Amino acid sequence: MTDRSESFFWNGQRISFEPADTIAAALERAGVTDFGAGQGPCNARYFCGIGACQACVVSVGGTPAEACLTPAQAGQQVRTLKPVRQ
Amino acid sequence: MRSMDVLVIGGGPAGVAAAAEMARSGLKVTLCEQGGALGGAIHRQPGNPARAVPVPRAQSARWHKLSALLAKTDAEVLTFHAFIGLDATGAVLVEDRRQGRLLVLRVRALVLAVGGLERVVPRPGWHLPGVVTVGGLQVMMKVTGRGPAGSVLLAGSGPLLLAVAAQMTALGAPPLAILERSRQVLSPLRAAPLLLWPRYLAEAAGYMRRLMQAGVPWRLGSSVQTIRPTDDGRLETVIVDGAGAVSRIVVDKVALHDGLRSNSDGLPPAAHATDRNPHVVLAGDCREALGGVAAIADGRNAAQQVIARLTGAPPMSSASRRIVDTERRAQQALANIFDFGIPDLLKLPDETILCRCEGRTVGALRQMLATDDQPSPREIKLNGRIGMGSCQGRFCVEWAGAMLAQQTCSAQPAGAEFIGNRWPSRPVAIRSLLGPAVADAISSIPPNESD
């Protein structure tokens, strides 16, 4: 990657990020507050910022991970978690 | 990875102070941090150093000194490594989140310094996207160096609301208002004991000056009762002021904070080593939430305990213990002017979410409590699924316990009575659990291990 502004994909949409950004920081910058269906019935979203509340868990390359702890990486596929129940 | 004497979990002030002190005494120390950099929530460093959020000078000086001290030692630092638990064989389980594998470590001592938690009292709508903790909002500002976009309301109680509002203002994004539930903050009688801590008063005065200049109102006695989503993706808040008057305001974000608390539920308890287990010591806000100054001193206390146990050296000095005691009195003085009490949760509407992970409501718990056969905390978790979700009750069992106590007029059960302290203390990827480290560890489990 030589491009200075790198990006990952959020549900297929390109999200640019800055060095040392977490996925949550990049989504916040892009104005994404609702992360869609979460682990339980409440939608995923940023809340505590310290990896404790688990509210911001999204699918990172297929593995559930806290958006507030996981560093953004170029080309990464980040998605809403598949709902575990309807 | 090399062999080690001590594993320290958590790269905030307590963990770094503990690691530095133990490494200086000659112990082989490894420090694990779940995120990408040391500092913890309080000393979170910006992604771009040119965009640092203003913090009190004494606070950044403390961190510079502490991180320089650690850098001079041979302590090993592992970022993106999260504590999973202490297993029945006495092995410490740590997830290497980058590689997606589990480390199974045998150490002589384990220092847990994972930090405290913010309390947020449930109210209708507190689970909605756009509702964050005040600390979460602050961490985001520290990382990005930018204030939040849109209009923000800060509500709850405590000095953190002032600090964050002042930082938002400095970044050009002042909040609409700070709603402080306590009416007593400016009561001279109650505030008088704080004169013993001029550091806190000077810090607060600095924040208030900035907020007054920017015209940010600090409304005492006011609170956010209800939050509802609007059709255009914003949040309508229902506010009740000190006189009981109700108003509504639509905002983009609501940041809530009702104080800080320790975070030891789900962690192995402090204990001396056995023939199987390492010494376990808890340090900093996860043991007792007393703030950043106390956390450093408490980390040193933990280090001295470990040094004494592993090397037989006598504890060096009681200076660190005295600092922790002093900071405890300061926190008590602050608690006397702010309002960290638990309101009558039985008055919440049935549909209010109580357990955010599992989506369990106040109404569901009320129904469980209405039976003649009172459920135990454990039954509330196992049958009611409250505290059963992936945060392991960290944001709901205090409130479930309070409802139980309010309904039965009994003492409030501890969080551990709901959730116990079995590992994993946090969710871990199956991929990590199935990695090669586990296969090694299973073959090393002594026979007749059936727990």
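You'll find the structure just up there.
Not measured: the values here are computed from a predicted model. Residue numbering note: each chain is counted from 1, following its sequence as written. In the order they appear in the text, chains get letters beginning with A and ligands get numbers beginning with 1. Only residues with pLDDT of at least 70 are given local features in this predicted model, and only at 80 or more are side-chain atom pairs given and counted; all residues enter the totals for whole chains, interfaces and linings. The basis for every side-chain value is the complete set of heavy atoms in the structure, and neither hydrogens nor water enter the calculation.

1. With respect to the interface of chain B and chain A
Then comes step 1: Opposite the 43 residues of chain B that make contact, chain A presents 34 residues.
Then comes step 2: Of all residues in chain B, the largest losses of buried area upon contact with chain A belong to Pro129(B), Met140(B) and Arg356(B), amounting jointly to 19% of the total for that side.
Then comes step 3: Salt bridge, as applied in this entry: a Lys or Arg side-chain nitrogen positioned within 4 Å of an Asp or Glu carboxyl oxygen. Run the count over chain B and chain A and you get four salt bridges.
Then comes step 4: Polar contact is defined as a pair of N or O atoms within 3.5 Å, subject to the rule that within protein one atom must be able to donate a hydrogen and the other to accept it, and that residues adjacent in sequence are counted only when both atoms are side-chain atoms. Joining chain B to chain A, the criterion identifies 10 residue pairs in polar contact (both at pLDDT 80 or more).
Then comes step 5: The helix count covers DSSP runs of H or I at least four residues long, the strand count covers runs of E at least two residues long, and both are numbered beginning at the N terminus. Sorting the residues of the side of chain B that touches chain A by element identifies β9 (131–133) and α3 (134–144) of chain B as the ones contributing at least two each.
Then comes step 6: When residues of the side of chain B that touches chain A are assigned to their parent elements, the largest contribution, seven residues, is made by α3(B).
Then comes step 7: Ten residue types, Ala, Val, Leu, Ile, Met, Phe, Trp, Tyr, Cys and Pro, are classed as nonpolar, four, Asp, Glu, Lys and Arg, as charged, and the remainder, Gly among them, as polar. For the side of chain B that touches chain A, a count of residues per class yields 21 nonpolar, 11 polar and 11 charged. Here, residues are in contact when the closest pair of their heavy atoms is within 4.5 Å. Accessible area that two parts lose when put together, evaluated with a 1.4 Å probe and summed over both, is termed the buried area.

2. Quick word on the pattern of salt bridges
Residues and elements named next belong to chain B.
Then comes step 1: Tallying each qualifying case throughout the model produces 24 salt bridges over all chains.
Then comes step 2: The partner of Asp-74 in a salt bridge is Lys-28, and the shortest N-O contact between them spans 3.6 Å. With Asp-74 in the loop between α2 (57–71) and β3 (76–79) and Lys-28 in the loop between α1 (13–24) and β2 (29–33), this pair connects stretches of sequence that are 46 residues apart.
Then comes step 3: Only protein chains enter the accessibility calculation, which uses a 1.4 Å probe; a residue is then buried when its area is under 20% of its type maximum, exposed when over 50%, and partly exposed in between. A relative accessible area of 43% places Asp-74 in the partly exposed class.
Then comes step 4: Judged by relative accessible area, which is 35%, Lys-28 ranks as partly exposed.
Then comes step 5: A salt bridge links Arg-123 to Asp-258, with the nearest nitrogen and oxygen atoms 3.0 Å apart.

3. Things to note about the side chain of Thr22(A)
Then comes step 1: Among the structural elements, Thr22(A) can be located in the loop between β2 (13–17) and α1 (23–29).
Then comes step 2: In this structure, Thr22(A) is in contact with Ala67(A), Cys68(A), Leu69(A), Thr70(A), Pro71(A) and Ala72(A), ignoring residues within four places of it in sequence.

4. Remarks on the packing of aromatic side chains
Then comes step 1: Between rings of Phe, Tyr and Trp, where Trp is taken as its six-membered ring, a pair exists when centres lie within 6.5 Å; planes separated by under 30 degrees are stacked, by over 60 edge-to-face, and by other angles tilted. Scanning the model with the defined rule gives five aromatic pairs over all chains in all.
Then comes step 2: For the pair Phe8(A) and Phe17(A), a centre-to-centre distance of 6.0 Å together with 35 degrees between the ring planes defines the contact as tilted. The same class applies to Phe8(A) as to Phe17(A), namely buried.
Then comes step 3: With 6.3 Å between their ring centres and 25 degrees between their planes, Phe338(B) and Phe340(B) make a pair best called stacked.
Then comes step 4: Residue classification places Phe338(B) among the buried residues on the basis of a relative accessible area of 7%.
Then comes step 5: Pairwise contacts between aromatic rings join Phe47(A), Trp126(B) and Phe395(B) into one cluster.
Then comes step 6: We count a charge as sitting over a ring when the NZ of a lysine or the CZ of an arginine lies within 6 Å of the ring centre and within 35 degrees of the ring normal. Taking the ring centre of Tyr200(B) as reference, the NZ or CZ of Arg199(B) above it sits at 4.7 Å.
Then comes step 7: Positioned above the aromatic ring of Trp126(B), the side-chain terminus of Arg356(B) is 4.6 Å from the ring centre.

5. Here's the deal with the side chain of Thr73(B)
All names here are of chain B.
Then comes step 1: Within the secondary structure, Thr-73 sits in the loop between α2 and β3.
Then comes step 2: Assessed through its relative accessible area of 16%, Thr-73 is described here as buried.
Then comes step 3: In terms of polar contacts, Thr-73 uses its side chain to reach the backbone carbonyl oxygen of Leu-70, at 2.7 Å.
Then comes step 4: Contacts of Thr-73, omitting those with residues within four sequence positions, involve Ala-20, Ala-23 and Arg-24.

6. Quick word on α3(B)
Residue and element names in this part refer to chain B.
Then comes step 1: Across the 11 residues that make up α3, a large majority, 11, are buried.
Then comes step 2: Listed in full, the buried residues belonging to α3 are Val-134, Gly-135, Gly-136, Leu-137, Gln-138, Val-139, Met-140, Met-141, Lys-142, Val-143 and Thr-144.
Then comes step 3: Two residues or fewer past α3, Gly-145 is found with a positive phi of approximately 70 degrees.

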